[in-house]
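Per-entry structural report
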Amino acid sequence: MNTRFIEAFLWSARLGSFRAAGERLNITQAAVAHRIASLEDDIGAKLFVRDPRELRLTAVGTRLLGYGERLLEIRQDIIALGRTDVQMLGVVRIGVIETVVHTWLVSFLENLRATYPGIEVQLTSETTRGLHRALHERALDIAVQTEQIDGPGIRSTACLPMPMGWVGAADAQAEQSLRELLTQPVLTMSPGSQPHEAVKQMFRDAGLPIGKVHCVSSISALVKLVSAGFGHAVMPLPPVLEYAQRGDIRFIRCEAQVPPQRLVVSHVEQVPASPDAIRVVAELACMASDRYTSSISVIPPMAPAHRTI
């Protein structure tokens, strides 16, 4: 069975459309549809219900999700067999944003250390702007952040986006209008970050002047401020899922959608030191990010938009 067909199926299921899967895989929408059709012929059953507004999995397609993930993981393990010896050596400098620190970073580093003990990681946590500057100045080898980084000798790969939304104190109203939320103090991430830009856009969409907006770069600090009742926050949801489940904070439903937080892994190419190690670590970071995001059960506090095929 061609693993490219499985990959096209998984991305179509994750992203909800053949078009989006094609963009992620850098192939055409028609090529994705062809791969899905070939996979359906191999299996002997339909995997999707094609609807003008939505792409839905059939019962067989739902069962295939788990098998497909396992198959691709096994493929990566097979590929890694030739890379786990002492020949894969080097120092790799990685910079990540706060969202990554609070989600999949620890498990990623543990797996990397076990698989490639010869690779030494030097870690930095910084804003997206700071990571851009460090990568361009070659002070970093890999940057995991929210924007596509363009430039000679730099390659960027988009990962699955993480849901963002409104977060309030434990006793906050579970449903509030956008105007209600914006007329109260708003907390968000550092200036210029994607959550901060989303907040400014919501003020514009509501026709309101920008009110009291407080920018805090630390997710832990944001949680403390929100739980203490200093305001509602717009932020990525997966890093604070544990706090919501524990009852320290709550997700707030709002009629206005907050765009998901993009996540991009960018790495330098054609460097004299450790080029193979940098490439491998960047690939593994993309896989770890996508595996985490596709496994979380966070439901954004908003009505899902219709998807198109």
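These lines cover the structure that appears in this document, whether it is placed above or below.

What counts and what doesn't
Residues numbered from 1 in each chain as written. Predicted model: local features only at pLDDT ≥ 70, side-chain atom pairs only at ≥ 80, totals over all residues. Heavy atoms only, no water. Phe/Tyr/Trp six-rings, centres within 6.5 Å; stacked < 30°, edge-to-face > 60°. Helix = DSSP H or I, 4+ residues; strand = E, 2+ residues; numbered from the N terminus. Buried < 20%, exposed > 50% of the residue type's maximum accessible area, 1.4 Å probe, protein only. Pairing = 2+ DSSP bridges. Axes fitted to C-alpha atoms, helices over the stretch in contact; angles between N-to-C directions. Contact = heavy atoms within 4.5 Å. Salt bridge = Lys/Arg side-chain N within 4 Å of Asp/Glu carboxyl O. Polar contact = N/O pair within 3.5 Å; in protein donor to acceptor, adjacent residues only side chain to side chain.

Topic: the packing of aromatic side chains
- A complete count under the given rule lists three aromatic pairs for this structure.
- Look at Phe18 and Phe48: their rings are 5.8 Å apart centre to centre, the planes differ by 80°, and that puts the pair in the edge-to-face class. Placement of Phe18 in helix H2 (residues 18-25) and of Phe48 in strand E1 (residues 48-50) is noted, with a sequence separation of 30 residues between them. Of the two residues, Phe18 and Phe48, neither departs from the other in class, the shared state being buried.
- Between Trp104 and Phe108, the ring centres sit 5.6 Å apart and the planes meet at 85°, which makes this aromatic pair edge-to-face.
- Grouping aromatic residues by their ring pairs yields a cluster made of Phe9, Phe18 and Phe48.

A short note on the sheet that holds strand E4 (residues 119-125)
- Ordered in space as E4-E3-E5-E12-E6, the five strands form an open sheet in which the pairing is mixed. Of all strands in the sheet, those bounded by a partner on one side alone are E4 and strand E6 (154-158). Taken over all neighbouring pairs, the strand axes of this sheet differ in orientation by 20° on average, direction set aside.
- Here E6 runs beside strand E12 (residues 264-268); their pairing, made up of five bridges, is antiparallel. Bridging across to E12, Arg155 finds its partner in His267.
- Sheet strands touched by helix H7 (residues 128-136): strand E3 (90-96), strand E5 (142-145), E6 and E12. Its angle to E5, the strand with the most contacts, is close to 160°.
- Along the sheet, helix H12 (residues 275-295) contacts E3, E4, E5, E6 and E12; its crossing angle with E12, the most-contacted strand, is approximately 180°.

Side note on the pattern of salt bridges
- Within the structure shown, the criterion is met by twelve salt bridges.
- The partner of Arg246 in a salt bridge is Asp248, with the nearest N and O atoms 2.8 Å apart.
- Residue Asp248 is classed as partly exposed on the basis of its relative accessible area of 28%.
- Connected through shared salt-bridge partners, Glu40, Lys46 and Arg50 make up one network.

With respect to the side chain of Gln261
- Among the secondary structure elements, Gln261 is positioned in the loop between strand E11 (249-252) and E12.
- Here Thr99 takes part through its side chain, which lies 2.9 Å from a polar atom of the side chain of Gln261.
- The residues contacting Gln261, other than those within four sequence positions of it, are Ile97, Thr99, Thr146, Pro161, Met162, Met164, Gln194, Pro195 and Pro236.

So, H7
- Within the sequence span of H7, burial applies to Thr128, Gly130, Leu131, His132, Ala134 and Leu135.
- Those residues of H7 hidden inside the fold are in contact with E3, E5, E6 and E12.
- Following H7 by one or two positions, Arg138 adopts a phi angle in the positive range, close to 65°.

Notes on the side chain of His267
- Relative to the assigned elements, His267 resides in strand E12.
- For His267, a relative accessible area of 8% corresponds to the buried category.
- When residues no more than four places from it in sequence are discounted, the contact partners of His267 are Leu135, Asp141, Ile142, Gly153, Ile154, Arg155, Ile278, Arg279 and Ala282.

Re the environment of Cys286
- The topology assignment puts Cys286 in helix H12.
- On the accessibility criterion, Cys286 (10% relative accessible area) is buried.
- As a C-alpha pair, Cys286 and Leu263 span 23 residues in sequence and 9.2 Å in three-dimensional space.
- Not counting residues within four places of it along the chain, the set of residues in contact with Cys286 comprises Thr157, Cys159 and Val265.

Description of the sheet that holds strand E10 (residues 232-236)
- The strand order across the open sheet formed by five strands is E9-E8-E10-E7-E11, and the pairing between neighbours is mixed. Of all the strands in the sheet, the pair left with one neighbour each is strand E9 (213-215) and E11. Across the sheet, the axes of successive neighbouring strands diverge by a mean angle of 30°, strand direction being ignored.
- As defined by bridge partners, strand E8 (residues 186-188) adjoins E9 across three bridges and the pair is classed as parallel. Counted as the bridge partner of Leu187 is His214 from E9.

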